[in-house]
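Overview (structure and organization)
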Amino acid sequence: MAERFDLIVKGGLAMTPSGLVEADIAITDGKIAAIGRIDQPADTLLDAKGLHVLPGVIDSQVHFREPGLTHKEDLATGTAGAALGGVTAIFEMPNTNPNTATAEALAEKLSLAEGRVWCDVAFFVGATGENAEKLGELERLPGASGVKIFMGSSTGTLLVADDETLLKALRNGTRRVAIHAEDEYRLRERHALVKDGADPVMHPVWRDVETATRATQRVMRLARQAKRRVHILHVTTAEEVPILAANKDLVTMEVTPQHLTLAAPDCYRELGTFAQMNPPIREMRHREALWQAVRDGIVDVIGSDHAPHTKDEKARPYPQSPSGMPGVQTLLPLMLDHMNAGRLTLERLVDLTSAGPARIYNVAGKGRIAVGYDADLSIVDLKAKRTIESKQQATRCGWTPFDGRSVTGWPKATIVRGHIVMREDELIGRPIGQPVRFAECLPS
């Protein structure tokens, strides 16, 4: 009797480790069971003819605000947006209320995710002066994606500003540490520029290039002293690129679609405080340097830094307005549009959104279309012309800075461990996510 599969994705162009091939993909028990021409029966067939089948997108930086800030977002709405945007796994940040800085707080997030999430999830543990010596234990708890350090104040209360505490945090543990690199001392020195009120165009003036480069240089020095691998999140400046390129034995680098798409001062003139995020959107020369870093292979991953706030909160006068913007649902459409515009290849896009995050965080069984790997697939129409709209967004905040933007390339279906969770802009079935598995956390 012929083997029967749970699901076969038929006739798509699949981006495999061997390149782009026309192939069927058979799935059983949540795993990829076969790739090629497959004539055996299946419980479900998904016709992918004319579409590209990509490894599932992993968004390794999102803020889903639960617990404590669920008027902005929660795990259900955030992961719904992920699934609608072709994202199959997310790593969620620790600046919630309470902060995810203890084993108990991590366990609470895992409990909150149970039965409510539309994609796979993992949670960062936030470093503090109080838990620095326990980080080696915390980073290996089930469901932990690693440690996150805020060197500069942003949304929330997590902050590791001084070298002594930062070095202590880096010396406790072995996994790669994700770092928000802005120098808190320079932020405080320059706060007078905006504290009494200012035009939002001043945001990258207050949080200037030196604020970023000073922090990144400090991280490189301390990481080398601690012999610890680090990952610099949302890099924004031309000046940081050569620093990071010279330290690739220890450091990996993330950029966001926002910093690759928007530019100052126009974005602040058009969007005002809705363009405000940390580190800031900067001038065109920085955007071009980031694209050059993408082309040169220095950038390792694209993360959305999905950081929602309500419209009322964002409409406050600057700088009382909070920093951050939603992005998990628009990450893939924006990057597909950039690919169609010739700014990067499809192979490079897959490396930045699937293989890259799996590689730098050592994720087990994800990040490629290969037999034995989790059946996580982002199925896209590279030719679809669509308009991004705020009303499409699943995020509780109800807006996107890219409202009205036309793009070419759109996610058509999202498959998480063999379950079709999105098809044709509609969520399918029920939430099915579970904690992402990390190779470094498996028993030795």
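Just above, that's the structure.
These lines cover the structure that appears in this document, whether it is placed above or below. Here the structure is a predicted model, which means the values were calculated and not measured.

Each value, and the rule that gives it
- Residues numbered from 1 in each chain as written.
- Predicted model: local features only at pLDDT ≥ 70, side-chain atom pairs only at ≥ 80, totals over all residues.
- Heavy atoms only, no water.
- Helix = DSSP H or I, 4+ residues; strand = E, 2+ residues; numbered from the N terminus.
- Buried < 20%, exposed > 50% of the residue type's maximum accessible area, 1.4 Å probe, protein only.
- Contact = heavy atoms within 4.5 Å.
- Axes fitted to C-alpha atoms, helices over the stretch in contact; angles between N-to-C directions.
- Parallel < 35°, antiparallel > 145°, perpendicular 65-115°, else oblique.
- Left-handed = near helix turned anticlockwise from the far one by under 90°.
- Nonpolar A, V, L, I, M, F, W, Y, C, P; charged D, E, K, R; others polar.
- Salt bridge = Lys/Arg side-chain N within 4 Å of Asp/Glu carboxyl O.
- Arc of directions from axis to C-beta.
- Polar contact = N/O pair within 3.5 Å; in protein donor to acceptor, adjacent residues only side chain to side chain.

Mapped onto the elements, T213 comes out in helix α7 (residues 209-226). Judged by relative accessible area, T213 falls into the buried class, the value being 12%. Filtering out sequence-adjacent residues up to four positions away, T213 remains in contact with T237, E239 and E240.

To continue, consider the packing of helix α13 (residues 331-340) against helix α14 (residues 346-360). Running from N to C, α13 and α14 point in directions that differ by 155°, and their axes come no closer than 10 Å. When the interaxial angle is binned, α13 and α14 end up roughly antiparallel. The handedness of the crossing between α13 and α14 is right-handed. Between α13, through L331, L332, M335, L336 and M339, and α14, the contact on the second element is made entirely by L346, L349 and T353. For the contact of α13 with α14, a count of residues per class yields seven nonpolar, one polar and no charged.

The next subject is the pattern of salt bridges. Counted according to the given criterion, the structure contains 34 salt bridges. A salt bridge links E184 to R188; the shortest N-O distance between them is 3.0 Å. With E184 and R188 both in helix α5 (residues 184-190) and four residues apart, this pair spans about one turn of that helix. Notably, a salt bridge pairs R285 with E239, separated by 2.8 Å at the nearest N-O pair.

What follows concerns helix α2 (residues 103-113). Listed in full, the buried residues belonging to α2 are A105, L106, K109 and A113. Down the axis of α2, the sector holding all buried residues measures 100°, keeping them to one side. Seen from the buried face of α2, the exposed residues on the opposite side, beyond 90 degrees, are E104 and S111. Looking at the buried residues of α2, the elements they touch are α1 (75-84), β7 (87-92), β8 (120-126) and β9 (144-150). One or two residues past the end of α2 sits G115, with phi positive at roughly 75°.

Mapped onto the elements, T128 comes out in the loop between β8 and α3 (135-138). A polar side-chain atom of T128 sits 3.2 Å from the main-chain amide nitrogen of E130. Setting aside chain neighbours within four positions, we find T128 in contact with A101, L158, V160 and T165.

Any functional reading would require information beyond the geometric quantities listed.
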